[in-house]
Amino acid sequence: MVRTRFAPSPTGHLHIGSARTALFNWLFSRHHGGDFILRIEDTDRVRSTEESTLAIFEALKWLGLDWDEEPFYQSQRTDIYKEYLENLLNQGKVYRCYCDPDELEEKKKLAFARKEKPKYDGKCRELTETYPDKPFVIRFKSPQSGKTEVDDLIKGKIIFENSELDDLILYRRDGTPTYNFVVVVDDVNMKITHIIRGDDHVNNTPRQILLYQALNAPLPEFAHMPLTLGKDKARLSKRHGATSVMAYKEMGYLPQAMINFLVRLGWSYGDQEIFSMDELVEKFSLENVGISAGIFNPDKLLWLNSHYIKEETDESLAGLLIPFLEKKGVKVDDVKFLAKIIKGFKERSKTLDEMADKTLFYFKDEIEYQPKAAKKFLTLEIVDVLTEVINRFEKAEDFSEEGIETIFDKITSEHNITLGQLAQPHRVALTGGTASPGIYEVIANLGKERVIKRLKDAIIFIENYG
Ligand code: GLU
């Protein structure tokens, strides 16, 4: 039974890199019909916040990465860590170290000065006395010789010399356990079978393996993924664009686009670019995770987003669009109307935010004309034609796209003008600009009353400024 875990530290929003870690763990477990565990690593009480924890839940839910069992909190598991520590103490595999931190710091500096790798000198390793009044840390008796091998599922075999490894501190002087210890205890206790995480944890792995051995626990598989870098090959940061997953939701990205984007940061399947979630669950494997860094390319995310916007149904896009319109001051009462107009914008919007901007003209009481467009198309010569259109529209019984087309056909042939000459002034009058969905569609959707009002407003504008 495969069990993976995602173990974020709740010290901020869900970062793109962490979201990818979560996704790979989720896909791997779902592919194997296994469990995906969420563990909040909140032992750093100063930097961890409830707000960050909730933000992580929200982002995972938005991405559709559901977890099994309850979310676990390391801050609630101190008794479990104590229990495992007792076990190690009883076996003599750990010891109390009373060394003064300042003294250790001095030794470290001296080692650096001698160009040596600083390492705890083992002064308290063989102590037999205990000093009840003296503060201490608890250290792991790390083997001094031999090698520790990691058969990494992505990176292959990595060999570490045990002599390079320090006697790891498992408990600090303030009685709190350290990262490497709690991670191993949790992974053992939660029966995690595969540890899929970022490259930056590789150096922790041999230390953690030694702890598994000390606890007589079976070793999980390890898979360290290359980090995600910016286009300039620097570590992903704000310079490369937003790094928070939810910032993309705010900007109008769809979760499917984000998932598809994240999975391709390191994983590939031939040259296929578009994957549904079901397809990913079916096709995902660690063999297809590359060893070189995934490059964060915001243009690709945008491209994926426009793809998924086109795939979405009008009804569901309408629902997604409402908060974006509300942010722009539009209160949407008629979702059906929204679904109807959306059709014209799916092909031309890369984000929901952009789509909301483009649909705004439908909801305005007054149209603001783009100056250049007004100058070019709202001119005195067009007033007669606009007036005639108003007359015909007022009498029109059929205000469907076809009905409007018939009226436009008549007017173009009677006035001997092209459809463009007729349509563009209407576009400016009705939408404010020169780019919009089909003019018949816009007119039909706006409805007779609003169209006539806008055309009359345009005539007044022309008479004042044209
Ligand atoms: N809490 C660690 C982090 O956020 C992850 C630990 C792990 O995956 O082993 O980097």
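Up top is the structure.
Rules behind the numbers
Residues numbered from 1 in each chain as written. Predicted model: local features only at pLDDT ≥ 70, side-chain atom pairs only at ≥ 80, totals over all residues. Heavy atoms only, no water. Core = buried A, V, L, I, M, F, W, Y, C linked by side-chain atoms within 4.5 Å. Buried < 20%, exposed > 50% of the residue type's maximum accessible area, 1.4 Å probe, protein only. Helix = DSSP H or I, 4+ residues; strand = E, 2+ residues; numbered from the N terminus. Contact = heavy atoms within 4.5 Å. Axes fitted to C-alpha atoms, helices over the stretch in contact; angles between N-to-C directions. Parallel < 35°, antiparallel > 145°, perpendicular 65-115°, else oblique. Nonpolar A, V, L, I, M, F, W, Y, C, P; charged D, E, K, R; others polar. Expected span 1.5 Å × (residues − 1). Bend = angle between axes of the 7 residues up to and from the residue. Pairing = 2+ DSSP bridges.

(A) Local environment of the nonpolar core. Counting residues in hydrophobic clusters, the biggest one holds 106 residues, and the most contacted among them are Leu63, Met258 and Phe393. No other element matches the 8 residues that helix 1 (residues 16-31) contributes to this core. For Phe393, the contacting residues outside a window of four places in its chain are Phe399, Ile404, Ile407, Phe408, Ile443, Lys448, Val451, Ile452 and Leu455. In terms of nonpolar packing, the next biggest core, distinct from the first, is built from 33 residues, Phe72, Leu85, Val150 and Tyr171 among them.

(B) The packing of helix 11 (residues 314-327) against helix 12 (residues 335-342), seen in detail. Two numbers describe how helix 11 lies on helix 12: the axes approach to 8 Å, and their chain directions differ by 105 degrees. Classified by the interaxial angle, the pair formed by helix 11 and helix 12 is roughly perpendicular. For the pair helix 11 and helix 12, contact is made by Asp314, Glu315, Leu317, Ala318, Leu321, Ile322 and Leu325 and by Val335, Leu338, Ala339 and Ile342, respectively. Here the contact of helix 11 with helix 12 is composed, by residue class, of 9 nonpolar, no polar and 2 charged.

(C) Quick look at helix 11. The first and last C-alpha atoms of helix 11 sit 20 Å apart over 14 residues, in line with the 20 Å expected at 1.5 Å per residue. Of all the bends in helix 11, the largest measures some 35 degrees and sits at Leu321, one to four residues before the proline Pro323. Residues Asp314, Leu317, Ala318, Leu321, Ile322, Phe324 and Leu325 constitute the buried set of helix 11. Of the surrounding elements, those touching the buried residues of helix 11 are helix 7 (245-250), helix 10 (298-311), helix 12 and helix 13 (352-359). Two residues or fewer past helix 11, Gly329 is found with a positive phi of approximately 90 degrees.

(D) Expanded view of the sheet that holds strand 3 (residues 68-73). One open sheet accounts for 3 strands, arranged 1-2-3; its pairing is parallel. Strands at the two margins of the open sheet, each flanked by one partner only, are strand 1 (3-6) and strand 3. Taken over all neighbouring pairs, the strand axes of this sheet differ in orientation by 25 degrees on average, direction set aside. Sheet analysis places strand 2 (residues 35-40) next to strand 3, joined by 3 bridges and oriented parallel. Counted as the bridge partner of Ile37 is Asp68 from strand 3. Of the strands in this sheet, strand 1, strand 2 and strand 3 touch helix 2 (residues 50-63), which is tilted by about 155 degrees from strand 2.

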